[in-house]
Amino acid sequence: MSYRLRLFAIRHSRFFESLYNAVNPAIVGTLKGINKVFGTKLDRPITAMEAGLKGVLFDCQMCGNCALSKTGMSCPMNCPKTIRNGPCGGVRANGMCEVKPDMKCVWVQAWDGASRMKGGEAIKDIEFAVDNRDQGKSTWLRIARGEIAEKISDRH
Amino acid sequence: MIDIDTMRNPDKVGTNPGDPLPRLEGHVSHGRFEQVLRAGHFAVTTEIAPPDSADPTEVLRRASLFDGYVDAINATDGSGAHCHMSSLAVCAILTRAGYSPILQVSCRDRNRISIQGDTLGAAALGVCNVLCLSGDDVGAGDHPEAKPVFDLDSVSLAQTIRTMRDDGQFLSGRKLDLAPRMLIGSSINPFVPPIANRADQLAKKIASGAEFIQSQYCFDMPVLKEFMAKARDLGLTEKAYIIIGVGVLPSAKTAKWMRSNVPGVHIPDEIIRRQEQAEKPKLEGRKICAEIMQQIKEIDGVAGVHVMAYRQEKWVGDVVKRSGVLGDRKPWAPEHSFADLQAVT
Ligand code: SF4
């Protein structure tokens, strides 16, 4: 189910990009407020909410460094090699993954999704090695707390 | 004999075959491979199969098959996720004999701590070239139960080594006393999806630090020509030395097997048919390879060919000679061949 939704989100990457861009500031703004009042007390439910929502839509793996908006709305952490600048050289002729023949290559999907996005060019920027300590953290909360920039292009 | 003076100063030219060469102006390494590329020669590289053995002489014997035909030798790093002697060790043995090995680093087996340590070690052992790879899946190999690492990917790996070389520091920012001087390479597969984006991906690899590129097997000229045209349009052929992979197919049966079992290998039907119908299929495989090499050399912006001849290594010299891509040039070879070296038992 989630896999099918994931493919749907990539096919409609343009729409999801707009949605994301519209909703993200609101979420981050709200979280900034919540953060001021409650501190870290609500971290668990907020993280669970992000994991649930993004999990259903994008098969989000909660790497804590969300790159969806620059990877055609295709979560790179679903790549069995967790490649953040893909794809690898093993993609099958039919576009399926080398490791999981029943899954479309996450990065073939990413380039395809990016081609339909307004900010799709961002896929051409290099993505740095992920900080493994952030695994399981909420990207939204991290942005709200100023730990990472809201725009991916401003990170690092 | 170890020449301590040379060891202390990597810029000093030694007298042993394994001593570093003078670093020429504008060069990032002391290596002969970089000199060949920057001189504008059409380079030939190949792959050595690392032995399933602790015997160093086996490495030298295998390398001797390529004497006089190749400019650099890639030492594979657990290719196909199979265990063999490590790339670093093979490279260290080869540098001692004067060869120009290319260290292959796959992200599958090591994290950034280990990789950075090995990069320093390789440079200290005289290795001047490194090829950054993501690596095959562990499921493809003889230890499918192993834990895959994939802490970095090929792009962040190239970036890591460039940080060490050009900024003289680890990823953590901690300073190095002596930076590793290595020519950085990366791979590309223009023959599998997303074909339309492979040139863009090449641009990313070059932006991350790759100075030379070695591609997957090319059996499909039209696809390659299109890819190279895009690479030229993006100005990439000015920024990196692009070396195209070619393969020696022993038989149509092997070709078919490779096509369906080795990830990323694309072989058009007509190549397989041609070999199937040939009277001498083995010879035909070498002829096909040599012809493809000639055609590749004609393409604007290609800097060389990378001959991959797994279990066909003894034919590398034959296809290189047949193709004539070297012209009158004879790549460096050791003064005395290691072909008859006694094995260690
Ligand atoms: S084929 Fe695609 S999804 Fe599969 S390992 Fe390679 S890059 Fe990742």
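Residues numbered from 1 in each chain as written. Chains lettered and ligands numbered in written order. Predicted model: local features only at pLDDT ≥ 70, side-chain atom pairs only at ≥ 80, totals over all residues. Heavy atoms only, no water.

K.L.:
Give me the lowdown on the overall build of chain A, citing residues and values where you can.
P.N.:
The secondary structure content of chain A amounts to 5 helices and 0 strands. Moving toward the C terminus, one meets the helices and strands of chain A in the order α-α-α-α-α. For chain A, the C-alpha radius of gyration of 15 Å lies close to 15 Å, the compact-globule estimate for 156 residues. Seen along its three principal axes, the alpha-carbon backbone of chain A occupies a region of about 55 × 30 × 30 Å. Per-residue burial over chain A gives 51% buried out of 156 residues. (Helix = DSSP H or I, 4+ residues; strand = E, 2+ residues; numbered from the N terminus. Rg over C-alpha atoms; globule rule 2.2 N^0.38 Å. Buried < 20%, exposed > 50% of the residue type's maximum accessible area, 1.4 Å probe, protein only.)

K.L.:
Provide a residue-level description of the environment of proline 80 of chain A, including the pertinent values.
P.N.:
Within the fold, proline 80 of chain A resides in the loop between helix 3 (43-58) and helix 4 (106-115). The partly exposed category is assigned to proline 80 of chain A, whose relative accessible area is 28%. Along the chain, proline 80 of chain A and glutamate 98 of chain A lie 18 residues apart, while their C-alpha atoms are 9.1 Å from each other. Among residues more than four places away in sequence, those in contact with proline 80 of chain A are Cys97, Val99, Lys100 and Met103 of chain A together with Phe150 of chain B. (Contact = heavy atoms within 4.5 Å.)

K.L.:
Lay out the pairing of strand 1 (residues 43-48) of chain B in plain terms, naming residues and giving numbers.
P.N.:
All names here are of chain B. Along strand 1, 5 of the 6 residues are buried, which leaves the element largely enclosed by surrounding structure. Strand direction decides the pairing type here: strand 1 and strand 8 (residues 302-308), joined by 4 bridges, are parallel. When the bridges of strand 8 are listed, valine 44 appears paired with valine 305. The pairing of strand 1 with strand 2 (residues 72-75) spans 4 bridges and is classified as parallel. Pairing of threonine 45 across the sheet is with alanine 72, part of strand 2. Following the chain from strand 1 across helix 3 (residues 56-64) to the adjacent parallel strand 2, one finds a crossover that is right-handed. (Pairing = 2+ DSSP bridges. Right-handed = clockwise from strand over helix to strand, strands pointing away.)

K.L.:
For the pairing of strand 3 (residues 101-106) of chain B, give the residues involved together with the corresponding values.
P.N.:
Residue and element names in this part refer to chain B. Counted residue by residue, strand 3 has 6 buried out of 6 residues, so it is predominantly covered. Here strand 3 shows no split at all, with Pro101, Leu103 and Val105 on one side and Ile102, Gln104 and Ser106 on the other all buried. In the sheet, strand 2 pairs with strand 3 via 3 bridges, with the strands oriented parallel. Bridge pairing links asparagine 74 to isoleucine 102 in strand 3. In this fold, the crossover linking strand 2 to strand 3 by way of helix 4 (residues 87-96) has right-handed handedness. Across 5 bridges, strand 3 lies against strand 4 (residues 129-133) in parallel orientation. Bridging from a neighbouring strand, serine 106 pairs with leucine 133 of strand 4.

K.L.:
Give a detailed account of a nonpolar patch on the surface, specifying residues and quantitative values.
P.N.:
There is a patch of nonpolar side chains on the surface, built from Phe15, Leu19 and Val23 of chain A and spanning about 260 Å² of accessible area. Structurally, phenylalanine 15 of chain A is set in helix 2 (residues 13-38). (Patch = residues over 30% accessible without salt bridge, like charges linked within 9 Å, V, L, I, M, F, W, Y side chains within 5 Å. Areas by Shrake-Rupley, 256 points an atom, 1.4 Å probe, with all protein chains shown as cover. Salt bridge = Lys/Arg side-chain N within 4 Å of Asp/Glu carboxyl O.)

K.L.:
Can you explain the site of the ligand? Please cite residues and give values.
P.N.:
Surveying the vicinity of the ligand reveals the residues Cys79, Pro80, Lys81, Pro87, Cys88, Val91, Cys97, Glu98, Cys105 and Val106 of chain A. By residue class, the composition of the shell around the ligand is 8 nonpolar, no polar and 2 charged. (Near = heavy atom within 4 Å. Nonpolar A, V, L, I, M, F, W, Y, C, P; charged D, E, K, R; others polar.)

K.L.:
With reference to specific residues and values, describe the confidence of the model for chain B.
P.N.:
Looking at chain B as a whole, the pLDDT averages 94, with 95% of positions reaching at least 70. Our summary of model confidence lists the complex with pTM equal to 0.95 and ipTM equal to 0.93. (pLDDT = per-residue confidence, 0-100.)

K.L.:
How would you summarise the sheet that holds strand 7 (residues 241-247) of chain B if you had to cite specific residues and measurements?
P.N.:
Residues and elements named next belong to chain B. On the basis of which strands lie adjacent, the closed barrel formed by 8 strands has the order 1-2-3-4-5-6-7-8 and parallel pairing. Looking at each pair of strands side by side, their axes are set apart by 30° on average, direction ignored. Two strands pair when backbone bridges link them, and strand 4 and strand 5 (residues 183-188) are joined in this way by 4 bridges, in the parallel orientation. Its bridge partner being in strand 5, asparagine 129 is matched across the sheet by leucine 183. (Axes fitted to C-alpha atoms, helices over the stretch in contact; angles between N-to-C directions.)

K.L.:
Outline the packing of aromatic side chains, supporting the account with residue identities and numerical values.
P.N.:
Here the structure, examined in full by the defined rule, presents 7 aromatic pairs over all chains. A centroid spacing of 5.4 Å and a plane angle of 80° characterise the contact between phenylalanine 15 of chain A and phenylalanine 16 of chain A, whose relative ring orientation is edge-to-face. Its relative accessible area of 51% is what places phenylalanine 15 of chain A among the exposed residues. We classify phenylalanine 16 of chain A as buried; its relative accessible area is 6%. Taking 5.3 Å as the distance between ring centres and 85° as the angle between the ring planes, the aromatic pair formed by phenylalanine 33 of chain B and phenylalanine 212 of chain B counts as edge-to-face. With phenylalanine 33 of chain B in helix 2 (residues 32-38) and phenylalanine 212 of chain B in strand 6 (residues 212-217), the pair connects residues that are 179 residues apart, well separated along the chain. A relative accessible area of 0% places phenylalanine 33 of chain B in the buried class. Counting every residue linked through ring pairs, the aromatic cluster contains Phe8, Phe15, Phe16 and Phe58 of chain A. (Phe/Tyr/Trp six-rings, centres within 6.5 Å; stacked < 30°, edge-to-face > 60°.)

K.L.:
I'd like a rundown of the environment of glycine 40 of chain B, residues and numbers included.
P.N.:
Residue and element names in this part refer to chain B. Here glycine 40 lies in the loop between helix 2 and strand 1. By relative accessible area, which is 61% here, glycine 40 ends up exposed. Measuring from C-alpha to C-alpha, the distance between glycine 40 and isoleucine 267 comes to 30 Å, with 227 residues separating the pair along the chain.

K.L.:
Can you tell me about helix 4 of chain A, naming the residues and giving the values?
P.N.:
Because an α-helix packs 3.6 residues into every turn, residues spaced three or four apart end up facing the same way. With 8 of its 10 residues buried, helix 4 of chain A lies for the most part within the structure. Of the positions making up helix 4 of chain A, those classed as buried are Val106, Trp107, Val108, Gln109, Ala110, Trp111, Gly113 and Ala114 of chain A. Each element contacted by the buried residues of helix 4 of chain A is listed here: helix 1 (2-11) and helix 2 of chain A together with helix 7 (198-207) of chain B.

K.L.:
Describe the packing of helix 3 of chain B against helix 4 of chain B, listing the residues and the values that go with them.
P.N.:
Describing two packed helices takes the angle between their axes plus the distance from one axis to the other. Residues and elements named next belong to chain B. Where helix 3 meets helix 4, the closest approach of the two axes is 10 Å, and the angle between their N-to-C directions is 70°. Overall, the two elements helix 3 and helix 4 adopt an arrangement that is roughly perpendicular. For the pair helix 3 and helix 4, the sense of crossing is right-handed. Touching Pro56, Val59, Leu60 and Ala63 of helix 3 are Val90, Ile93 and Leu94, all from helix 4. By residue class, the composition of the contact of helix 3 with helix 4 is 7 nonpolar, no polar and no charged. (Parallel < 35°, antiparallel > 145°, perpendicular 65-115°, else oblique. Left-handed = near helix turned anticlockwise from the far one by under 90°.)

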